[in-house]
Structure formats: structure tokens, C-alpha cells
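A look at the structure
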Amino acid sequence: CELPSIQGRKLISIFIGGGTPSLFSPEAIQLVLEGIFSRCSVQPDLEITMEANPGTFEQQKFHEFHAAGINRLSIGVQSFNDAMLKNLGRVHDGVAAENSVSIARQAGFDNINLDLMFGLPRQSLLESMQDIQTAIGLQPNHISYYQLTLEPNTQFHAQPPRLPNDEKIWQMQLNGQKILAASGYTQYEVSAYSKTGRRCTHNLNYWQFGDYLGIGAGAHGKITNLDSQSVTRRKKYRQPKQYIRKSHSGSVDGDEQKLTQEDVILEFMMNAIRLTEGFPEELFSQRAGLPFNLVRGVLERAKAKGLILSQGNIIQASPQGEQYLNDLLLEFMPEHG
């Protein structure tokens, strides 16, 4: 059990995601939350997010989810264009995507994120901008705007579709950033844009290399031992039947890995360097448990290449570093140094 490792620490967020958690009954979600609250100390303004797809929306059900304690909804619209949605294999259409926001508001949600992709198969620059404008018109508190990636073990990866070229994809991102900024959405991470005071606490914790518990089949967790400053990653058994069977014996961790110093440095940078405003030097020491001098030389080399900016004790990716983020991260790979 991971609870002893977080004794004395308060939960700042709960994120119910992975697949389609809205298929759970509101009663089941309430039981989960009650179980967490009975075992953990939480801060008063706890952010509790649930992921949902437009195709699963039922107004009464979401009233009940809100009543159960969910206070933030993340809706995976991906696009409002029917042709794009069909290419992605989504079951909802553009009308359902738009209606989902009003249904969520009627259910009592006043903190809503919309997931939106660009660089979709055969997508034009105009179509990507129309998606952004439609999303902004719905006035969500937060928009996640990110490029489609071809994940391993998916049909897209096995049979890659025709995607826009790199130049067009970069232009989609730049245009999207400009339109979102002009509409009052501040970019605070590579793919995250929010209205004032509506940044996602849960995702910020990831990007700042904070700790988190993983609950459920296939879930991942990361815990820092505050005494030894060692970082351990745990992964739960992936198959639900195996996860349930193992839960009866008291151990559902399928894998446990204590990170090496090199792993910690790379993982910290993979997350923190995505923050638009950068990170203070002391955050590295606090979250990685390592002296900042370990990365000072690498950062100086990256700065000389135009990939990093530094002002005072703040480190951030330069515009060039943001565009070539993978190249920047390569600087922190052990074999690269």
C-alpha cells in the first residue's frame, strides 16, 4: 500500500481518467471518492476532474456526477469537424461535441476543459482554425490544444494516415496560439491554455515533477521518499481481472522501479521544460532531490545552442527550444552528454 509513503501530505487533486470513466455509475464514483476521503488528508479546494466523451453524455447522469463531488470536466471533443472525427474513428459528431458543453453547464459544472487536436489526417489550416474558433465560442475555462501523435499498438501507427507536413502543422500551432491569446486564454504549458485562475492543478503537478498515486488497472504512480530523496515509480497490473484478483492478496503493483539519478534528471526536464513560464532553479532541487549544479553545464550548452533562456534563477525553453523540444530533451540523455 502506498498510503504510508504520503503520510502527512495533502491531496491537491484527483483525476478520474483513462478510457471512458463516465461509463461508471455516479454511485460507483461516489464510493471511490468516499474511500479516498476516508483514507487521505485533502486540501479544502481539492480539484476533482473527470474525463468524458461527447458520445457518452446523459444530462441526468452528469447532474449526479456533479452531486457526487466531481467539480471539473474534461471533454474529449478532439474536433468539431465531422470529416475529421470520422477519420479519427470517433463515434460522436460536431453537433454532439458542441452540445456536450451546454449539457455539462446545465449539470452544474463551471470548470470545463476541451481537448482539441490539430495536425489531423488531411486537415487544412483553415479547418484547424475553425475548430479553435468553435471551441472558443463555447467559452470553456480551459483548452488543451495539441498535435495528433501516432501511438504504438494503434491502427494509425500500423497504417499511418496522410498527415499535414511539418511546416503546416507548425503554422497550425502558431495560429492557434495567437487566436487563443487574443481570446483571453493564457498558454502556461506546451499544449495547455486557460482563463485566469483556471490552470489545471493536476497537470501542473505532473509538469512540476510532483508525486501522484495511481489507482486502477494499468495506473502509474510516482512517489518521492522525502527522507532519502529517492524516486520510485509503480505500475499496477494492466488487465482488470488480474488487478482485481491481486487486490484480494493486498498487492496490485505489477512493477516497481527506483529511478537512477540520470532517470530523475531526464524525467524532471521532460516535464518542467514544457512550462511556458519556465521553472525556478530551486524547484529542481526540491522535486528531484539533487543539486542544481548537476544540470547547470547541460543547460549552459543548450543555452549556447539557442534552445534555453535564463533570467535570474528562471529556466525556460526558448521559442526555438519549444519548436524543437525533442532536440532540447536530447541534451539531457546520458549518452548525449
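Residues numbered from 1 in each chain as written. Predicted model: local features only at pLDDT ≥ 70, side-chain atom pairs only at ≥ 80, totals over all residues. Heavy atoms only, no water.

1. Some words on the overall build of the protein chain
Within the protein chain, the secondary structure is distributed over 14 helices and 13 strands. Here the C-alpha radius of gyration of the protein chain, 21 Å, is about what a compact globule of 337 residues would show, namely 20 Å. Sequence separation of at least 24 residues holds for 63% of the intrachain contacts in the protein chain that already meet a minimum separation of 6. If the 31 positive side-chain charges of the protein chain are averaged to one point and the 35 negative ones to another, these points end up 2 Å apart. (Helix = DSSP H or I, 4+ residues; strand = E, 2+ residues; numbered from the N terminus. Rg over C-alpha atoms; globule rule 2.2 N^0.38 Å. Contact = heavy atoms within 4.5 Å. Lys, Arg positive; Asp, Glu negative; His and termini not counted. Charge placed at Lys NZ, Arg CZ, Asp CG, Glu CD.)

2. Side note on the environment of Phe 62
With respect to the helices, strands and loops of the structure, Phe 62 is situated in helix H2 (residues 59-68). Phe 62 sits 47 residues away from Phe 109 along the chain, and the two C-alpha atoms are 8.9 Å apart.

3. Observations concerning helix H4 (residues 94-106)
Between its terminal C-alpha atoms H4 stretches 19 Å, which fits the 18 Å expected from 13 residues at 1.5 Å a residue. Within H4 the residues assigned to the buried category are Gly 94, Ala 97, Ser 100, Val 101, Ile 103 and Ala 104. Two or three places before Val 95, at the opening of H4, Asp 93 has a side-chain oxygen 3.3 Å from that residue's backbone nitrogen. Taken from the residues just after H4, Gly 108 is the one with a positive phi, measuring 110°. (Expected span 1.5 Å × (residues − 1). Buried < 20%, exposed > 50% of the residue type's maximum accessible area, 1.4 Å probe, protein only. Polar contact = N/O pair within 3.5 Å; in protein donor to acceptor, adjacent residues only side chain to side chain.)

4. A word on the packing of helix H10 (residues 261-272) against helix H11 (residues 281-288)
A pair of packed helices is characterised by two quantities: the angle between their axes and the separation of those axes. In the contact formed by H10 and H11, the axes pass within 11 Å of each other and the chain directions differ by 130°. Judged by the inter-axis angle, H10 sits oblique to H11. Crossing angle aside, the handedness with which H10 passes H11 is right-handed. Note on element contacts: H11 touches H10 through Leu 283, Phe 284, Arg 287 and Ala 288, opposite Val 264, Ile 265, Phe 268 and Met 269. Counted by class, the contact of H10 with H11 contains seven nonpolar, no polar and one charged residues. (Axes fitted to C-alpha atoms, helices over the stretch in contact; angles between N-to-C directions. Parallel < 35°, antiparallel > 145°, perpendicular 65-115°, else oblique. Left-handed = near helix turned anticlockwise from the far one by under 90°. Nonpolar A, V, L, I, M, F, W, Y, C, P; charged D, E, K, R; others polar.)

5. Remarks on the sheet that holds strand S5 (residues 142-147)
Sheet architecture is open: seven strands sit in the order S1-S2-S3-S4-S5-S7-S6, paired in mixed fashion. Each having just a single partner strand, strand S1 (10-16) and strand S6 (186-189) make up the two edges of the open sheet. Strand-to-strand twist in this sheet, taken as the mean axis angle between neighbours without regard to direction, amounts to 25°. Relative to strand S4 (residues 112-118), strand S3 (residues 72-78) runs parallel, the two being bridged by four bridges. (Pairing = 2+ DSSP bridges.)

6. Structural notes on the sheet that holds strand S8 (residues 220-225)
Hydrogen bonds between backbone atoms are what pair the strands of a sheet, whose relative direction is either parallel or antiparallel. The strand order across the open sheet formed by three strands is S8-S9-S10, and the pairing between neighbours is antiparallel. If you trace the sheet from one side to the other, it starts and ends with S8 and strand S10 (253-258), each paired once. Here the strands of the sheet are splayed against their neighbours by 20° on average, with no regard to which way each runs. Summarising the sheet, strand S9 (residues 230-236) and S10 pair through five bridges and their orientation is antiparallel. Of the residues in S10, the one forming a bridge with Thr 232 is Lys 258.

7. Quick look at the packing of aromatic side chains
The full count for this structure, using the stated rule, is eight aromatic pairs. Consider the rings of Phe 62 and Phe 65, whose centres lie 5.3 Å apart with planes at 65°: the pair is edge-to-face. With Phe 62 and Phe 65 both in helix H2 and three residues apart, this pair spans about one turn of that helix. Residues Phe 62 and Phe 65 agree in their burial class; the two are buried. Centroid distance Phe 268 to Phe 284: 5.1 Å. Interplanar angle 90°. Geometry classified as edge-to-face. With Phe 268 in helix H10 and Phe 284 in helix H11, this residue pair connects regions lying 16 residues apart in the sequence. Exposure remark for Phe 268: the relative accessible area of 0% places this residue in the buried category. Connected via pairs of aromatic rings, a cluster forms that spans Phe 209, Phe 268, Phe 279, Phe 284 and Phe 292. Taking NZ or CZ as reference, Lys 195 lies 4.5 Å from the ring centre of Tyr 185, over its face. The lysine or arginine in question, Lys 222, covers the ring of Phe 209, its NZ or CZ lying 4.1 Å from the ring centre. (Phe/Tyr/Trp six-rings, centres within 6.5 Å; stacked < 30°, edge-to-face > 60°. Lys NZ or Arg CZ within 6 Å of the ring centre and 35° of its normal.)

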